[in-house]
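Here is how the chains run, residue by residue.
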Amino acid sequence: DAGVIQSPRHEVTEMGQEVTLRCKPISGHNSLFWYRQTMMRGLELLIYFNNNVPIDDSGMPEDRFSAKMPNASFSTLKIQPSEPRDSAVYFCASSFRGSGANVLTFGAGSRLTVL
Amino acid sequence: AQKVTQAQTEISVVEKEDVTLDCVYETRDTTYYLFWYKQPPSGELVFLIRRNSFDEQNEISGRYSWNFQKSTSSFNFTITASQVVDSAVYFCALSDQNTGNQFYFGTGTSLTVIP
């Protein structure tokens, strides 16, 4: 299994530009999570999906952030317009939500720098 | 409310010393799961262990051991004979069924093993 695949690994953009981060979860996993990690705020949950349906987006900072999961094998996190304070590492993670415990498997992360 | 507290922000030890990373959790659910993840300097988040609330047996895996005590709501992680490769940020996390298997992460403990 290739694991959770995120792209791009690094993104440098200018303030005001649109940023799209992509994630391919592990095949067979039915839950997908987007996290943001910064030095100041640590690891923050932005949004998570079960069976492609957004369950909790209360962590999404503001309307500039949006996330979609059009099918079980793909999700995007979009920031429009981007701002310098959005600079962070964005992690996608997936798990199988069944009757037992879920182990979150993380992608390698997308490091975003907004100038 | 669910919460994970890792009171130790940073720890430094000399190689070959033993070190214990503390984790205290809060939940009202009787069925929950506890996790430890490792984030080495390369940045990825690596799953180490999962325990469910019905299994208080301590676990040992090589130099790693975990002590789960429901009486004190703690799930501590001990590294025996630490090595430089153990240098990383370690996160404790909680997942319970009441919140749809959402994950709650602690703020992490940064461990530096000095050669």
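Look a little higher up for the structure.
Figured I'd write up the structure that's included with this text. From a predicted model like this one, the values you see are computed outputs, not experimental measurements.

Points about the overall build of chain A
Part 1 of the argument: Each helix and strand counted, chain A has zero helices and 11 strands in total.
Part 2 of the argument: Going from N to C terminus, chain A has its helices and strands arranged as β-β-β-β-β-β-β-β-β-β-β.
Part 3 of the argument: For 115 residues, the compact-globule estimate of 2.2 N^0.38 gives 13 Å, and chain A sits close to it at 13 Å.
Part 4 of the argument: Across the 115 residues of chain A, 49% fall into the buried class.
Part 5 of the argument: A total of about 5700 Å² of accessible surface is found on chain A, and carbon and sulfur atoms cover 50% of it.
Part 6 of the argument: Side chains of chain A carry 11 positive and 11 negative charges; the gap between the two charge centres is 5 Å.

Some thoughts on the overall build of chain B
Part 1 of the argument: Looking only at helices and strands, chain B has zero helices and 12 strands in total.
Part 2 of the argument: Taken from the N to the C terminus, the helices and strands of chain B come in the order β-β-β-β-β-β-β-β-β-β-β-β.
Part 3 of the argument: Radius of gyration (C-alpha) of chain B: 14 Å, near the 13 Å computed for a compact globule of 115 residues.
Part 4 of the argument: For chain B, the spread of C-alpha atoms along the principal axes amounts to about 45 × 25 × 20 Å.
Part 5 of the argument: Expressed as a percentage of its 115 residues, the buried residues of chain B come to 50%.
Part 6 of the argument: Of the contacts made within chain B by residues no fewer than 6 positions apart, 56% connect residues no fewer than 24 positions apart.
Part 7 of the argument: Carbon and sulfur atoms provide 48% of the accessible area of chain B, an area that totals close to 5500 Å².

Comments concerning the layout of surface pockets
Part 1 of the argument: Put simply, the largest pocket is a space of about 640 Å³.
Part 2 of the argument: Lining of the largest pocket is provided by 25 residues; of these, Gln37(A), Met39(A), Gln39(B), Val89(B) and Phe91(B) occupy positions nearest its centre.
Part 3 of the argument: Elements supplying a minimum of two residues to the lining of the largest pocket: β4 (31–38), β9 (88–95) and β11 (110–114) of chain A together with β10 (88–96) of chain B.
Part 4 of the argument: Of all the elements, β10(B) adds the most residues to the lining of the largest pocket, at three residues.
Part 5 of the argument: Classifying every residue of the lining of the largest pocket gives nine nonpolar, 13 polar and three charged.
Part 6 of the argument: Size it by volume and the second largest pocket reaches roughly 170 Å³.
Part 7 of the argument: In terms of lining, the second largest pocket is formed by Tyr35(A), Arg41(A), Gly42(A), Leu43(A), Glu44(A), Leu45(A), Gln102(B), Phe103(B), Tyr104(B), Phe105(B), Gly106(B) and Thr107(B).

Looking at the pairing of strand β3 (residues 19–24) of chain A
Part 1 of the argument: Direction of pairing for strand β1 (residues 5–7) of chain A relative to β3(A): antiparallel, over a ladder of three bridges. Across the sheet, Gln6(A) pairs through a bridge with Cys23(A), a residue of β3(A).

A few points about the nonpolar core
Across soluble globular proteins, you tend to see nonpolar side chains buried next to one another.
Part 1 of the argument: Residues Trp36(B), Phe75(B), Phe77(B), Tyr90(B) and Leu111(B) are the most contacted members of the largest nonpolar core, which totals 24 residues.
Part 2 of the argument: The set of elements that each furnish at least two residues to this core consists of β2 (10–14), β3 (19–21), β5 (32–39), β8 (64–69), β9 (74–79), β10 and β12 (109–114) of chain B.
Part 3 of the argument: Element by element, the count of residues in this core is highest for β10(B), at four residues.
Part 4 of the argument: Excluding anything up to four places from it in sequence, Leu111(B) contacts Ile11(B), Val13(B), Val19(B), Ile79(B), Asp86(B), Ser87(B), Ala88(B) and Tyr90(B).
Part 5 of the argument: With 21 residues, the next largest nonpolar core counts Ile47(A), Ala67(A), Leu112(A) and Val114(A) among its residues.

Details of the state of the cysteines
Throughout this description, disulfide means a covalent bond between two cysteine sulfur atoms.
Part 1 of the argument: Tallied over the entire structure, the rule returns two disulfides over all chains.
Part 2 of the argument: Through a disulfide, Cys23(A) is tied to Cys92(A); the S-S separation comes to 1.9 Å. Given an S-S torsion of about -70 degrees, the disulfide between Cys23(A) and Cys92(A) has left-handed geometry. Taken together, the residues Cys23(A) in strand β3 and Cys92(A) in strand β9 connect sequence positions 69 residues apart.
Part 3 of the argument: A residue is classified by how much of its surface remains accessible, and Cys92(A), at 0% relative accessible area, is buried.
Part 4 of the argument: Across a sulfur-sulfur distance of 1.9 Å, Cys23(B) and Cys92(B) are joined as a disulfide pair. In this structure the cystine formed by Cys23(B) and Cys92(B) twists about its S-S bond by roughly -65 degrees; its chirality is therefore left-handed. With a gap of 69 residues between them, Cys23(B) in the loop between β3 and β4 (24–26) and Cys92(B) in strand β10 connect regions that are remote in the sequence.

Rules used in this analysis
Residues numbered from 1 in each chain as written. Chains lettered and ligands numbered in written order. Predicted model: local features only at pLDDT ≥ 70, side-chain atom pairs only at ≥ 80, totals over all residues. Heavy atoms only, no water. Helix = DSSP H or I, 4+ residues; strand = E, 2+ residues; numbered from the N terminus. Rg over C-alpha atoms; globule rule 2.2 N^0.38 Å. Buried < 20%, exposed > 50% of the residue type's maximum accessible area, 1.4 Å probe, protein only. Areas by Shrake-Rupley, 256 points an atom, 1.4 Å probe, with all protein chains shown as cover. Lys, Arg positive; Asp, Glu negative; His and termini not counted. Charge placed at Lys NZ, Arg CZ, Asp CG, Glu CD. Contact = heavy atoms within 4.5 Å. 1 Å grid on protein atoms, 1.4 Å probe; cavity = no way out; pocket = protein on both sides within 12 Å on 5 of 7 lines; lining within 4 Å. Points joined across faces, edges and corners; volume = space filled by probe spheres on them. Nonpolar A, V, L, I, M, F, W, Y, C, P; charged D, E, K, R; others polar. Pairing = 2+ DSSP bridges. Core = buried A, V, L, I, M, F, W, Y, C linked by side-chain atoms within 4.5 Å. Disulfide = S-S within 2.5 Å.

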